[in-house]
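Architecture at a glance
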Amino acid sequence: MRRVMKLAAGFATAAMLLTACASDDDGTDDPTTGTDGEGASGEDVQVGMAFDVGGRGDRSFNDSAAAGLDRAGEELGVTFQDLSPASDGSNRDELLRELADGGHNPILGIGYAFFEVMDTVADEYPDVQFIRIDGPPSDRENVAVMTFAEEQGSFLMGVAAALKTETGQVGIVGGNEGEVINAFGAGFKQGVEAVDPSIEIEDQRLSPGEEPAGFADPAGARVAAEAMYQRGVDIIYTPAGDSNVGTFQAAAEAGKWAIGTDSDQYETVGDPELQEAILTSMLKRVDSAVFESINTFIEGGDVESTSYDLSDEGVGYSTSGGFIDDITDELDDYKQQIIDGEIEVSRTE
Amino acid sequence: MTRLLGWWRRIAPTLVALGVALAVTAVFILIIGENPIAALVALFDFGETPVAQANSIGVWINRAAPLFLAGLAVSIGFRMGLFNIGVEGQYRIATVVAAGLGAAIVLPAPLHILVITLIAMAAGAAYAAIPAILKVTRGVSEVISTIMLNAIAIGIAAYLIRSPFVDPELGAGENVATTRLPESAHFPGLNELFGVLGLEEPRRPVHGFVVVAIVVGVVVAVILSRSRFGFELRASGLSALAATANGISSRAMVVKAMLFSGALAGLVGLSDLLGSAHRFQPDSFVAGYGFTGIAVALLGRNRPGGIALAALLFAFLDRAGPRLQSEGIPPAAVTIMQGIVVLSVLIVDEVARRRLRRREERRARAQDQATTPVEVAS
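Residues numbered from 1 in each chain as written. Chains lettered and ligands numbered in written order. Predicted model: local features only at pLDDT ≥ 70, side-chain atom pairs only at ≥ 80, totals over all residues.

The name an unreviewed UniProt entry assigns to chain B is ABC transporter permease, from the organism Phytoactinopolyspora alkaliphila. Per its UniProt entry, chain B bears the Subcellular location (unreviewed entry) comment "Cell membrane". (UniProt positions renumbered as here; feature names shortened; annotations may be inferred.)

Okay, structure coming up:
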């Protein structure tokens, strides 16, 4: 009995320490208050933002939103507050309510997981404008949903991978099998097939179903990527949030390529060795969506649900590192065809 | 007087530990350059208006109920010397099955909730039966098997939502989820009770399932202290050998304890499911109660009353998370404080136990001068 208790104590402590480490490395980035800029009409506006699990400092999805918020603080002069959820994501609704009670308007929720709680909270605060990034449309009047054509950006990444592969094998290491990541995967595969249908595509997800743990599992991503590289894959597309760094490590070690997602990960990864393995990144301009919706709100307009795609630069690709300079013409050619509707990219396989 | 002293002796280590935890957290907050006093004020800040205060109490209750049930489930294993880490997987499976089957059956209101509750308990117990059977037939350590079954539970749950339980009328762009539970399976909230008690009504649902949790806690306390099963459980935990010598089958006890623990684990997810979620949706499903439950059980010293207090304390700290962030304290501070509380309770306990033992030894020596300590080879 005593031994079991000691074991239990050790386990419980380790588990708590792990969750503390895993979730919030934002100790230095306290919820910031925006600077008083010179913007004329923005100064009375207090913006609230609730991040998804991982919070400010995840170098990917959340940070992209934070960048848009920071820009709104500088250029529009809004004051703002941002909050990160508990590591188990249990208090997303409370974050929204805390922001609403604090007089913030508009309030942004970053990520699919705000899907149901935002509708609930929006009913409780009918005078507050809520804005959600990702997820299905909402029928509430005060909820606007910003979505992205991930499949179009991913299509171009598939084209890039197909043009750059030497072994004829490419791979996907995704966070889970949810709707958003499936769109990433489907677009990538269509892009590869558009260039060369004979290229083999491996597709692996870190978590089954919609389980979100796969977005915070760099070790799992590394193992999955290492195995793929050993089987002859030489380029891996990695839509897996926080886990991406694991894929980059495996790529750097194997001397192969990886393709980042959401942010320009060549710039955000912060490690010169890993930079050399990042061929390009699929950009999902959450920052622009955040900035533009705040701007619309300040100007007194209705913040309307918007779907961003290639035509308005809502999704795109990065050229940092210069590794794809030789194929940008071809990429832009495909991009134009998608914008013109000559190529239709499906969100599902 | 002696009784008061005895009560004080039991409660004092915990109070000391709480003080230590607060002090360590204050140092941590100082290190990151924030004001610990402001943090303390924020911790106890329930909001200015009566509505905000009622809301805060509601959040506190909603968080405490599942933590209490999880701690209770873990403690049953502990009392018997079993380390059931599998509460995490057991409540996930139970919640999915309860959500899926619950949406498929049609029953009048109170009966529907009762049936869903029984389904969840049965599913939790069934999933806990696997490590129990592995342990008694093949001697597999329940620590290893339950950890592995947690990982498998995620896969099984993902399959169940996708195939048999999937909602056929999912909206465009929506991740899969189980069909919504009908009105008859919605557990009535406690919001009106606030009004009866003379408080403002909270503006968010307060899960009524906490009443079930309290009843379950009382029943478990009675079973542990008053029933034959409880006696056999405690006896096996204190000394398996002595229990066997007295005719208690340790194998049967392992199976019974695991099933009991699993059935309680099955209740963990129901507070959210029946109270506000009304369907299983992996993105919004709160995972991790099973692990936090271990800490809650430890802090509550495996006694239902203690576990209730521990769950209230943990929920109290969790509730303050967003408020603290408004004061500039990162959300990890809450997790750190919870971890330090558990650690300091265990350390202070151990120190108190050793001091007590030394005092007993001194007294024994003083009473009987003739006794000389005998060195025993260790």
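Residues and elements named next belong to chain B. By secondary structure assignment, the location of Arg-303 is in the loop between helix H13 (289–299) and helix H14 (304–319). Among the residues examined, Arg-303 registers 17 C-beta atoms within 10 Å and is labelled partly exposed. A C-alpha to C-alpha distance of 18 Å links Arg-303 and Leu-267, two positions 36 residues apart in sequence. (Helix = DSSP H or I, 4+ residues; strand = E, 2+ residues; numbered from the N terminus. Buried ≥ 20, exposed ≤ 12 C-beta atoms within 10 Å, placed from the backbone.)

Glancing now at the UniProt feature "transmembrane region" (unreviewed entry) in chain B. Summarizing the sequence annotation, UniProt attributes the feature "transmembrane region" (unreviewed entry) to residues 12–33, 64–82, 89–107, 113–134, 143–161, 206–224, 254–274 and 329–348 of chain B in the numbering used throughout. Structurally, residues 143–161 of chain B is divided into 100% helix and 0% strand, and its ends, taken at the C-alpha atoms, are 27 Å apart.

Another point: the domain arrangement of chain A. Residue and element names in this part refer to chain A. According to the domain assignment, chain A contains domain 1 (28–148 + 287–308) and domain 2 (150–283 + 319–339). For domain 1 versus domain 2, the separation of C-alpha centres amounts to 28 Å. Sorting elements by how many residues they give to the side of domain 1 that touches domain 2 places helix H2 (residues 61–75) first, with 3 residues. Across the side of domain 1 that touches domain 2, the residue classes break down as 4 nonpolar, 3 polar and 4 charged. (Domains from an automatic or database assignment. Nonpolar A, V, L, I, M, F, W, Y, C, P; charged D, E, K, R; others polar.)

Attention shifts here to the interface of chain A and chain B. Listed by partner, the interface residues are 50 residues for chain A and 50 residues for chain B. Sorting the residues of the side of chain A that touches chain B by element identifies helix H1 (2–23), strand E2 (79–83), helix H3 (92–101) and helix H4 (115–124) of chain A as the ones contributing at least two each. Of the residues forming the side of chain A that touches chain B, the biggest block, 14 residues, is contributed by H1 of chain A. Counted by class, the side of chain A that touches chain B contains 23 nonpolar, 15 polar and 12 charged residues. (Contact = placed C-beta atoms within 7 Å.)

Residues and elements named next belong to chain A. Inspection of the secondary structure puts Glu-292 in helix H11 (residues 286–298). Among the residues examined, Glu-292 registers 19 C-beta atoms within 10 Å and is labelled partly exposed. Placed 220 residues apart in sequence, Glu-292 and Ala-72 show a C-alpha to C-alpha distance of 8.6 Å.

This paragraph deals with the sheet that holds strand E11 (residues 306–308) of chain A. The strands that make up a sheet pair up through hydrogen bonds in the backbone, lying either parallel or antiparallel. Residues and elements named next belong to chain A. Strand order in this open sheet of 6 strands is E2-E1-E3-E4-E5-E11, and the pairing throughout is parallel. With one partner strand each, in any of the chains shown, E2 and E11 form the two edges of the open sheet. Each strand of the sheet is rotated relative to its neighbour by a mean of 15°, with strand direction disregarded. With 4 bridges connecting them, strand E4 (residues 130–133) and strand E5 (residues 143–148) associate as parallel partners. (Pairing = 2+ DSSP bridges. Axes fitted to C-alpha atoms, helices over the stretch in contact; angles between N-to-C directions.)

Before going further, it helps to examine unusual backbone geometry. Residues and elements named next belong to chain A. Pro-106 follows Asn-105 through a cis peptide bond whose omega is 5°. Tracing the sequence through the fold places Pro-106 in the loop between H3 and strand E3 (107–110). In this structure, Asp-134 takes a positive phi of about 75° despite not being glycine. Position of Asp-134 relative to the elements: it lies in the loop between E4 and E5. By C-beta crowding, Asp-134 is classed as buried, having 24 other C-beta atoms within 10 Å. With phi around 70°, Asp-262 is a residue other than glycine that occupies positive phi space. By secondary structure assignment, the location of Asp-262 is in strand E9 (residues 257–262).

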